[in-house]
Amino acid sequence: MEKKYIMALDEGTSSVRCILFDKAGNIKSMSQRGFKQIYPQPGWVEHDATEIWARQIGVAREAMEKIGAKAEEIAGIGITDQRETTVVWDRATGQPVCNAIVWQCRRTAEYCDSLAAAGWSDKIREKTGLLIDAYFSGTKLRWILENVPGARERAEKGELLFGTIDSWLIWKLTGGKVHVTDYSNASRTMMFNIHTLEWDEEILELLGIPRCMLPKPVQSSQIYGDTDPAIFGGPIPVSGAAGDQQCALFGQTCFKPGEVKNTYGTGGFLLMNTGDAPVSSKNGLVTTIAWGLDGKVTYALEGSIFVAGAAIQWLRDEMDFFEHSYQVSELASRVPDTGGVYMVPAFVGLGAPYWDPYARGMITGITRGTTRDHIARAVLESMAYQTCDVLKAMEQDSGISLSALKVDGGASANDMLLQIQADMTNKPVVRPSCIETTALGAAYLAGLSTGFWSSTDEVKQNWQIDRVFEGGISDADRSAAMEGWHHAVRQAMTR
């Protein structure tokens, strides 16, 4: 039967999606569901990996049913996932030993401080490209081994497996036959040497991680195995995987060194393609693997903003400002500016370029005249300000002055946000026709390995511009706004 579709499984921080794409990169079917966010105590964030699996398969079947797609019509499955989120499960039963520890979780911040105090910062950065931070998977895995009863003993016996969400889904999809992770996800664990493309023995020993738990590192675009036929009514090759931000870079067709994208999701993530050579950061960014393709590795510089769209969700869910996230613009547009109000959304600390895990959220500049409208606008502006901070660091590290910023992710549908972003960067902000570039990147990686697409040149022809936003404020206004933002950030920081 003719191969009509590529399936992308997009496992995000707050929801799972399945999108079926055709050869032109068009969305033919999509299904999405949220899942539970678990906050056991302040700064801790967890997910139920079993719920994620059930919801992911549920939306995949639903997307197929919507258009009557059969397993034999699907050329391959690409997986993109929230990175760093840590799952440990029983090799025999497939049951997680505890809830997954989410990338946002700060429970290992003090242990990370102790590693830095012991002089490990330079060595870990040199090997992994990462700063020592609770964000990454390695210390989360150590925490599980230290705190879940019996976990360390069982792990050392080879009874337990570790993986980020890509590994967990691939293992489940293949009926427990394949335990792998792609280079991009491996590079986010703080245990992987990005130069040798192997798990680093010295770091594993430092963290007390048994190597037998770890998945095999593989390319981002290759056939890992077939799905269990019972899942979709027939086997489908699982043929691509990469972390969500690397997939967005690929989906935005940023194939040349110096090209940059920003994804506005739960967090905000800027990546710059740096080609076949890792670039070390002196300005608070991390060096990461973008993807492994055709036997070659592409590297990237990354700035991770921990809270972007999550601040809008906070206004919706905890503050009850509105019922739907898109309504933030309705409030924000009622006022010409924030009236001097700044919102620093450090709910789980600050990421790049500040890296302060103990910072907490703050609203400054409140007066008797401050309204919900001002606060809503301040939340939108905080997403743009944080992006400006990371872009500046990126330009300094790379020596490249960016000509434009490609954007994607759910919040990039917000015209007001993108206009503020263009005003604050004074660079064109380019939104593509398909803003589901994370899922599209996963689809491209899966399709290239199965021959659905012949080359990245063919893929690039699918990319189309929806709208370009140009800056429209004065240099003086821009400087004043950023100065106020940096003053607010300093107040929120603890170091």
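Here, every reference points to the structure presented above.
Some words on the overall build of the protein
Helix and strand content of the protein: 17 helices and 23 strands. Over its C-alpha atoms the protein spans a radius of gyration of 22 Å, differing by no more than 12% from the 23 Å that the globule rule assigns to 495 residues. Summarising its shape, the C-alpha atoms of the protein cover approximately 60 × 55 × 45 Å along the three principal directions. For the protein, the proportion of its 495 residues judged to be buried stands at 62%. Put simply, of all contacts in the protein between residues at least 6 apart along the chain, 73% involve residues at least 24 apart. Of the charged side chains in the protein, 47 are positive and 60 negative; the average position of the first set lies 1 Å away from that of the second.

Overview of the sheet that holds strand S5 (residues 74–81)
Strand pairing in a sheet is mediated by backbone hydrogen bonds. Such pairs are either parallel or antiparallel. Pairing in this open sheet of six strands is mixed, and the strands run S3-S2-S1-S5-S14-S13 from one edge to the other. Two strands lie at the open edges of the sheet, namely strand S3 (27–34) and strand S13 (225–226), each paired on one side alone. Sheet analysis places strand S1 (residues 5–11) next to strand S2 (residues 15–21), joined by six bridges and oriented antiparallel. Within the sheet, the bridge partner assigned to Leu 9 lies in S2 and is Cys 18. Contacting S1, S5, S13 and strand S14 (237–243), helix H6 (residues 165–173) crosses the sheet at an angle of about 145 degrees to S5. The sheet contacts of helix H10 (residues 244–251) involve S5 and S14, and relative to S14 the element is tilted by about 100 degrees.

Things to note about the environment of Thr 425
Position of Thr 425 relative to the elements: it lies in helix H14 (residues 415–425). You can call Thr 425 buried: its relative accessible area is 14%. Along the sequence, Thr 425 and Ser 187 sit 238 residues apart, while their C-alpha atoms lie 29 Å from each other. At 2.9 Å, the side chain of Thr 425 and the backbone oxygen of Gln 421 are in polar contact.

Quick word on the pattern of salt bridges
In total, this model carries 28 salt bridges according to the counting rule given. Put simply, Arg 107 and Glu 46 hold a salt bridge, and the shortest N to O gap is 2.9 Å. A residue pair is termed long-range when its members are at least 10 positions apart, and Arg 107 in the loop between strand S7 (100–101) and helix H2 (109–117) and Glu 46 in strand S4 (residues 46–47) qualify at 61 residues. For the pair Arg 107 and Glu 46, one class covers both residues: buried. A salt bridge links Glu 84 to Arg 188, with the nearest nitrogen and oxygen atoms 2.7 Å apart. Of this pair, Glu 84 sits in the loop between S5 and strand S6 (87–90) while Arg 188 sits in the loop between helix H7 (183–186) and strand S10 (192–193), and the two are 104 residues apart along the sequence. The pair formed by Glu 84 and Arg 188 is uniform in burial state, with each residue classed as buried. Each of Arg 83, Glu 84, Arg 188, Asp 244 and Glu 302 takes part in salt bridges that share partners, so that together they form one network.

Section: the packing of helix H13 (residues 372–398) against helix H17 (residues 475–492)
One can describe the packing of H13 onto H17 by two numbers: an axis separation of 11 Å at closest approach and a directional angle of 90 degrees. If you check the angle between H13 and H17, you find them roughly perpendicular. Counting all contacts with H13, which are made through Ser 382, Tyr 385, Gln 386, Cys 388 and Asp 389, the residues of H17 involved are Ala 481, Met 482, Trp 485 and His 486. For the contact of H13 with H17, the per-class residue count stands at five nonpolar, three polar and one charged.

Concerning the sheet that holds strand S22 (residues 429–432)
Sheet architecture is open: seven strands sit in the order S17-S18-S16-S15-S21-S22-S23, paired in mixed fashion. Here the strands that pair on one side only, and so sit at the sheet edges, are strand S17 (286–293) and strand S23 (465–469). Taken pair by pair, the neighbouring strands of this sheet meet at an average axis angle of 30 degrees, ignoring direction. The pairing of strand S15 (residues 260–264) with strand S21 (residues 405–408) spans three bridges and is parallel.

The rules we used
- Residues numbered from 1 in each chain as written.
- Predicted model: local features only at pLDDT ≥ 70, side-chain atom pairs only at ≥ 80, totals over all residues.
- Heavy atoms only, no water.
- Helix = DSSP H or I, 4+ residues; strand = E, 2+ residues; numbered from the N terminus.
- Rg over C-alpha atoms; globule rule 2.2 N^0.38 Å.
- Buried < 20%, exposed > 50% of the residue type's maximum accessible area, 1.4 Å probe, protein only.
- Contact = heavy atoms within 4.5 Å.
- Lys, Arg positive; Asp, Glu negative; His and termini not counted.
- Charge placed at Lys NZ, Arg CZ, Asp CG, Glu CD.
- Pairing = 2+ DSSP bridges.
- Axes fitted to C-alpha atoms, helices over the stretch in contact; angles between N-to-C directions.
- Polar contact = N/O pair within 3.5 Å; in protein donor to acceptor, adjacent residues only side chain to side chain.
- Salt bridge = Lys/Arg side-chain N within 4 Å of Asp/Glu carboxyl O.
- Parallel < 35°, antiparallel > 145°, perpendicular 65-115°, else oblique.
- Nonpolar A, V, L, I, M, F, W, Y, C, P; charged D, E, K, R; others polar.

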